[in-house]
Amino acid sequence: MDRNTGIRKTLWRWLAIPLAMSLIFGTLASESAAASYDPSKIDPALLARVLADPKADFDVIVRTTTTATSKGEREDRADRAGKAINAQGGKAKHALGIVGGASASIKGTHLLALTRSKLVAYVFSDDPFAISFDPAAGAAKATATQATAINATRVWSELGVTGRGIAVAVVDSGIAAHPDLGSRIVAAVDFTTPCAVTPCPAPAVSLVPLGDPGGHGTHVAGLIAGDGTSSGGATTGVAPNANVVDVRVISASGTSNTSTVLRGLQWVLANRSTYNIRVVNMSLGRAPTTSYKQDPLATAAEVLIFAGISVVVS
């Protein structure tokens with residue numbers, strides 16, 4: 001072996017030592033970061049996914065703790081959630097004041113660190129879900145008009161209650177113009193259009209129908225408030241004089257996620273007085289992953305109920 005070859009081998013040995021140490025300590029640091037979290041502040045199913053792939057990005061909803069200011073007023077929890085998310089390297093998306101939090105995209109290791117924040121109360125997965133609707137498949141089940149089947153006609157005749165003067169928010173796939181609804185579609189707002197800025201502002205309100213690519217929302221609106229115009233009064237909804245407010249949260253492909261539905265419900269809460277919204281209908285849902293005391297959709301439903309809005313779900 002010549003002298004130069006010996007020098008090169010010696011140099012490689014010395015270079016290999018710090019490289020190996022770097023890899024070892026880097027792995028240990030990564031494992032330490034993954035092990036340092038508060039399991040009481042994160043949905044168990046989400047935690048399992050994060051631990052399995054801590055380098056992946058996750059769509060989440062972060063709720064913050066309630067903190068009183070010196071004036072005895074609550075701080076803006078949605079704003080604090082966004083700041084906590086961004087401080088950990090995540091990207092806050094939508095303010096969700098209705099549940100005291102915000103939606104975000106964040107890497108798993110950063111998410112685990114976020115659970116240690118004193119500002120964070122709980123982290124949920126912003127679960128996607130799909131909706132399917134096949135009116136042809138259900139046609140054979142329509143053996144009687146619904147209004148008669150549930151004795152709605154007696155309520156109309158004996159109590160004079162037909163929904164006149166109030167509005168029902170239909171949180172669904174949209175509502176198309178239809179003779180049975182006429183001019184009683186008093187507002188329409190679409191939360192399914194992608195937003196180019198963060199945080200995303202509430203979409204503009206349309207005073208004319210925006211359509212319904214999936215058909216489900218129009219079907220639901222008819223069950224609620226159709227007046228029978230197209231059938232000569234043979235088939236009507238249960239509240240044939242009610243107004244309807246179209247809150248579209250389901251995309252044309254039949255998909256949505258928890259944060260989109262929450263944004264729709266948040267809009268209903270903010271605009272309930274403008275349109276006299278007394279009922280919100282959600283003929284959609286997903287399997288719960290945690291207690292109703294923590295689940296954001298359950299929280300939003302409670303907030304609406306306390307605001308005087310009846311919440312109807314499938």
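Below you will find a few notes about this structure. What you are looking at is a predicted structure, and each value in this text was computed from that prediction instead of being measured.

### Here's the deal with the sheet that holds strand β11 (residues 310–313)
If you trace the 5 strands from one edge of the open sheet to the other, you get β7-β8-β6-β10-β11, paired in parallel fashion. Strands at the two margins of the open sheet, each flanked by one partner only, are β7 (185–190) and β11. Put simply, the sheet's adjacent strands are angled 20° from each other on average, direction ignored. Here 5 bridges tie β7 to strand β8 (residues 243–248), and the two strands are oriented parallel to one another. Residue pairing for β8: V189 is matched across the bridge by V247. Strand contacts of helix α8 (residues 216–225): β6 (167–172), β8 and β10 (277–282), with the helix running at about 155° to β6, the strand carrying the most contacts. Where helix α9 (residues 258–275) meets the sheet, it contacts β6, β7, β8 and β10, and its direction lies at approximately 160° from that of β10.

### Some thoughts on the packing of aromatic side chains
Inspection of the entire model under this criterion finds 2 aromatic pairs. On the basis of an interplanar angle of 55° and a centroid distance of 4.8 Å, the ring pair of Y122 and F124 is categorised as tilted. Since its relative accessible area comes to 3%, F124 is described here as buried. Geometrically, the ring pair formed by W267 and Y275 is stacked, given 6.0 Å between the ring centres and 25° between the ring planes. For the pair shown, W267 and Y275 are each scored as buried.

### Structural notes on the pairing of β7
Burial analysis of β7 places 5 of its 6 residues in the buried class, the great majority of the element. A crossover connection joins β7 to the parallel β8 through α8; in handedness this β-α-β unit is left-handed.

### Some thoughts on α8
Burial analysis of α8 places 7 of its 10 residues in the buried class, the great majority of the element. Regarding α8, the residues found buried are H216, G217, T218, V220, A221, I224 and A225. The elements touched by buried residues of α8 are β6, β8 and β10.

### Here's the deal with the environment of T290
Positionally, T290 belongs in the loop between β10 and α10 (296–306). For T290, a relative accessible area of 17% translates into the label buried. Sequence separation between T290 and P44 is 246 residues, and the spatial gap between their C-alpha atoms is 8.1 Å. Excluding its chain neighbours within four sequence positions, the residues that come into contact with T290 are D43, Y122, F124 and D295.

### Brief notes about the pattern of salt bridges
Tallied over the full model, the rule gives 5 salt bridges. Across the pair K83 and D79 runs a salt bridge, and its minimum N-O distance is 3.2 Å. Taken together, the residues span about one helical turn, with K83 and D79 both in helix α3 (residues 77–87) at a distance of 4 residues.

### Regarding the layout of surface pockets
The computed volume of the second largest pocket comes to approximately 430 Å³. Forming the walls of the second largest pocket are 24 residues, and the residues nearest its centre are K93, H94, N257, T260 and R263. For the lining of the second largest pocket, the secondary structure elements donating two or more residues are β2 (91–96), β9 (255–257) and α9. Of the residues belonging to the lining of the second largest pocket, the class tally is 8 nonpolar, 11 polar and 5 charged.

### Looking at the sheet that holds strand β4 (residues 120–125)
Strand order across the open sheet formed by 4 strands is β2-β3-β1-β4, with antiparallel pairing between neighbours. Looking at strand neighbours, the two that pair on one side only are β2 and β4, the edges of this open sheet. Taking the axes of each pair of neighbouring strands and ignoring which way they run, one obtains an average angle of 30° across the sheet. Relative to strand β3 (residues 101–107), β2 runs antiparallel, the two being bridged by 4 bridges. Looking at β3, one finds that A92 is bridged to A104. Each of β1 (57–64) and β4 is contacted by helix α2 (residues 44–52), which is oriented at about 75° to β4, the strand it contacts most. Across the sheet, α9 touches β1, β2 and β3, and the angle it forms with β2 is around 35°.

Quick notes on the rules
Residues numbered from 1 in each chain as written. Predicted model: local features only at pLDDT ≥ 70, side-chain atom pairs only at ≥ 80, totals over all residues. Heavy atoms only, no water. Pairing = 2+ DSSP bridges. Helix = DSSP H or I, 4+ residues; strand = E, 2+ residues; numbered from the N terminus. Axes fitted to C-alpha atoms, helices over the stretch in contact; angles between N-to-C directions. Contact = heavy atoms within 4.5 Å. Phe/Tyr/Trp six-rings, centres within 6.5 Å; stacked < 30°, edge-to-face > 60°. Buried < 20%, exposed > 50% of the residue type's maximum accessible area, 1.4 Å probe, protein only. Right-handed = clockwise from strand over helix to strand, strands pointing away. Salt bridge = Lys/Arg side-chain N within 4 Å of Asp/Glu carboxyl O. 1 Å grid on protein atoms, 1.4 Å probe; cavity = no way out; pocket = protein on both sides within 12 Å on 5 of 7 lines; lining within 4 Å. Points joined across faces, edges and corners; volume = space filled by probe spheres on them. Nonpolar A, V, L, I, M, F, W, Y, C, P; charged D, E, K, R; others polar.

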